[in-house]
Amino acid sequence: MATSNRRVRSPSLAFTPEEPLEAEPSPIERPDKKKDKKNDRKRTVQLLLKPDRHSFSHLAKILTSGERVAMLNAVDRLRGRSRILVELACFSSFQFVRLAAVANLTRDIEELIDVAKYCHYGDTRASAVDELSCESKALIEVACSSLFSDTRVEAVTILKDPQALADVASRSPNKDSRTAALERISQNKPALKKVAEETAYKSSRLGAISTLSSDPDSLSSLALSKNPEVNKLAASKLASFVEELDDPEAIVQVAKLSSNEDARYIAVGRLSRDPWSLRVVVMESQYTDARSTAMMLLSDMVSDLDDADILADVAISSPYPDCRSTAIDRLVGQSAALLSVASKSKFKDSRDLALQKLKNDVATLKSVSRLSKYSDTRKKAHSMVAKPEVFEAELGRILG
């Protein structure tokens, strides 16, 4: 028999026809609570599995074809996801998306550097550089290695620290940023000196030293640099100030390195009462005229010299026999210096005189017989040791 679905109304004193009451469910219709809970769980799982139009995977479509507001909201949702933001900044065809992506990279210095170096959109690179305006190291890297000239120069323009600009002028492989940086420090002498001494690029070195060409103090400092190319360039620039210089070391550098013959002559003359500086010129100058002039001045002061090394130099190389002889006389008792004269001097009279002064110094004579550059001097020293009375005394000393 079919079950009736009609509602069963219970008698009630408050009954009115306009407000029907729901019938008590029959046992067949009474809901199963366990079954309801199972259905609820099933609906929850289905809801979770259903695609969410706001999920990250769904943002790709919005970011490439959505409306402006939706796209900007989507970019904002990606804050903290640096890799995705860099992709948007470099490749999105929508300017507002690219710029929004850069704005969301504010704290990601390395990512901003990548955008400034490699992004093909100028407006986006400019925005990235602007975000890096307080990061000197990052701006140096962009100025040195961005693929785009305008961005390299823009990074230089934003840099304020002279030492940072000097770094760019010294080491950027790109001439445009080196030149721009050099112009920015044209009034800063310490920064220009840094460039001159540290750069591996000839054009930058020349530019820095040329900019300092009116400052003898800076040029004097550079003339003492450990970099030989810097020494030579600075010494050449110093030639025009040689009569004004007070620093003996700077004057020595002009005498040694300047290509200006007149400047060299004046420089050596200004050292005429400084035997140690003259000795440096004699030993190190690449110009024969400077060496010979310095030696002549040393020879003139031989009577006043008391240093064994300088006296030995005069005894070995002076063009004047009397000065060489005086120097050797003043070296009596200085075995090492006399050995040097007997071994090196190109003048036979000086070598012979040095041997005479060593006649009672058998050990040094033995050294001369082995070390002298000249065979006649080696033989003579050997003969002096081999004399019977000398050799007998030497054997007695050895045998005790």
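Above this note sits the structure.
These lines cover the structure that appears in this document, whether it is placed above or below.

Conventions adopted
Residues numbered from 1 in each chain as written. Predicted model: local features only at pLDDT ≥ 70, side-chain atom pairs only at ≥ 80, totals over all residues. Heavy atoms only, no water. Axes fitted to C-alpha atoms, helices over the stretch in contact; angles between N-to-C directions. Helix = DSSP H or I, 4+ residues; strand = E, 2+ residues; numbered from the N terminus. Parallel < 35°, antiparallel > 145°, perpendicular 65-115°, else oblique. Left-handed = near helix turned anticlockwise from the far one by under 90°. Contact = heavy atoms within 4.5 Å. Buried < 20%, exposed > 50% of the residue type's maximum accessible area, 1.4 Å probe, protein only. Polar contact = N/O pair within 3.5 Å; in protein donor to acceptor, adjacent residues only side chain to side chain. Salt bridge = Lys/Arg side-chain N within 4 Å of Asp/Glu carboxyl O. Phe/Tyr/Trp six-rings, centres within 6.5 Å; stacked < 30°, edge-to-face > 60°. Lys NZ or Arg CZ within 6 Å of the ring centre and 35° of its normal.

1. Some points on the packing of helix H17 (residues 261–270) against helix H19 (residues 288–300)
Remark: H17 packs on H19, axes separated minimally by 10 Å, with the N-to-C direction vectors making an angle of 20°. It follows that H17 is roughly parallel to H19 by the angle criterion. Judged by the twist between their axes, the crossing of H17 over H19 is right-handed. Packed against H17, whose contacting residues are Glu-261, Arg-264 and Val-268, the element H19 presents Asp-289, Ala-290, Thr-293, Ala-294 and Leu-297 at the interface.

2. Re the side chain of Lys-117
Position of Lys-117 among the secondary structure elements: in helix H6 (residues 109–118). Residue classification places Lys-117 among the buried positions, given a relative accessible area of 9%. Within the structure, the side chain of Lys-117 is placed 3.1 Å from the side chain of Glu-141, a separation counted as a polar contact. Setting aside chain neighbours within four positions, we find Lys-117 in contact with Glu-141, Val-142, Ser-145, Ser-146, Leu-147 and Phe-148.

3. So, the pattern of salt bridges
Under the definition given, this model contains 16 salt bridges. Where Arg-98 meets Asp-123, a salt bridge forms, and the shortest distance between an N and an O atom there is 3.0 Å. Placement of Arg-98 in helix H5 (residues 95–103) and of Asp-123 in helix H7 (residues 122–131) is noted, with a sequence separation of 25 residues between them. Under the relative-accessibility criterion, Asp-123 is labelled partly exposed at 27%. Between Glu-284 and Lys-256 there is a salt bridge, with its nearest N and O atoms 2.7 Å apart. Taken together, the residues span a long stretch of sequence, with Glu-284 in helix H18 (residues 275–284) and Lys-256 in helix H16 (residues 248–257) at a distance of 28 residues.

4. Topic: the packing of aromatic side chains
For the structure shown, the criterion picks out one aromatic pair. Considering the side-chain rings of Phe-94 and Phe-96, the 5.7 Å spacing of their centres and the 50° angle between planes classify their relative orientation as tilted. If you follow Arg-98 out to its NZ or CZ, it ends over the ring of Tyr-121, 3.7 Å from the centre. Taking the ring centre of Phe-347 as reference, the NZ or CZ of Arg-324 above it sits at 3.7 Å.

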